[in-house]
Amino acid sequence: IMLEAEGAIQRGDFGAGDQRSEFFVVGIGHKFTNIAWQPTIWAHYDYHSGDNNRNDNINGNFYQLFPAAHAWLGLIDFTARQNLKALRIRATANPTKKLTIDTQLHKFNLAEARGAFFNASRVNVRQDVTGLSGTDIGMEFDITASYKILQRADILVGYSRFWGGNFIDATNPAGVNSNADFLYTHLRFHF
C-alpha cells in the first residue's frame, strides 16, 4: 500500500480584503509486483477552495504556485488548482521491459457553484454567479504508451478525451462543443 497527502493554507491580504484559501490532496495506491505487467493503481482526491461571494472582501480561491497541473489534473490541461474538486483513478503497467502504458480517468467538479472555472493558466474562463449551472465540469480519460527505442531515448504516444459536464454545457457559447480530443506524440532524450 502506498499513501500520499499534501495540503496548504493561504492567508493574508488580497487587495482591500483578505485571502482565505486552502487545498489538500490524498491518494492511495498499490503496486502488484508478483503478477505479469506489474500494474500500479492509484486513487486521488483533490480539493482546491473557491470563492462563492465576490462581494464579501474575502478571496477564497486557492492560487496554485506553478501553472502546469496536467500531471495530476489531466493531460489536456483544461483545469487549474482553483475552485476545484477532482477525483483521479490511475493505472500503469509494463507489458515489456521497454513498454509502459499509463491510463487515467478524471472527474472534475467546481468546489463552489457560484465561483469561477479556471483553466490551466489560472485564467477565469467562465462563471455562473447564480450557481444554477451546477458544479459538474466533466470527465477526462488519458492514455499514453511509452516505448524505449534506445538506452537514452523513448517515444511516447498519447490520446486524451474530455467530456463536458452540465456546467460546461450550460456556460458554453452557442455552437461550441463541450467535448475535446487530444492526440500527440513526442520523442524524449534522457541525459
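Residues numbered from 1 in each chain as written. Predicted model: local features only at pLDDT ≥ 70, side-chain atom pairs only at ≥ 80, totals over all residues. Heavy atoms only, no water.

Student: Which residues make up the side chain of T79, and what values go with them?
Tutor: Topologically, T79 is positioned in the loop between α1 (70–73) and β5 (84–93). Among the polar contacts made by the side chain of T79, one reaches the main-chain carbonyl oxygen of L73 at a distance of 3.5 Å. (Helix = DSSP H or I, 4+ residues; strand = E, 2+ residues; numbered from the N terminus. Polar contact = N/O pair within 3.5 Å; in protein donor to acceptor, adjacent residues only side chain to side chain.)

Student: Help me get a handle on the pattern of salt bridges, residues and values and all.
Tutor: Side chains carrying opposite charge are able to pair once their charged atoms draw close together. In total, this model carries 7 salt bridges according to the counting rule given. For D18, the salt bridge identified is with R20, shortest N-O distance 3.5 Å. You can call R20 partly exposed: its relative accessible area is 43%. With its nearest N and O atoms 2.8 Å apart, the salt bridge here joins D181 to R161. Highlighted residues: D181 in strand β11 (residues 180–189) and R161 in strand β10 (residues 153–164), separated in sequence by 20 residues. We classify D181 as partly exposed; its relative accessible area is 48%. (Salt bridge = Lys/Arg side-chain N within 4 Å of Asp/Glu carboxyl O. Buried < 20%, exposed > 50% of the residue type's maximum accessible area, 1.4 Å probe, protein only.)

Student: How would you explain the nonpolar core if you had to name every residue and give the values?
Tutor: Core analysis: the biggest nonpolar cluster contains 13 residues, and L73, L84, F108, F117, I137 and F162 have the highest contact counts within it. Only β5 and α2 (166–171) provide two or more residues apiece to this core. Sequence-distant contacts of L84, defined by excluding residues within four places in its chain, comprise D46, Y47, H48, L73, T79, F108, N109, A111 and I137. (Core = buried A, V, L, I, M, F, W, Y, C linked by side-chain atoms within 4.5 Å. Contact = heavy atoms within 4.5 Å.)

Student: So what's going on with the pairing of strand β3 (residues 40–48)? Which residues, and what values?
Tutor: Note that strand β2 (residues 17–31) and β3 share 9 bridges and pair antiparallel. Looking across to β3, one finds that K31 is bridged to T40. When β3 meets β5, the two strands line up antiparallel, connected through 9 bridges. Each residue of the ladder has a partner; that of I41, found in β5, is A91. (Pairing = 2+ DSSP bridges.)

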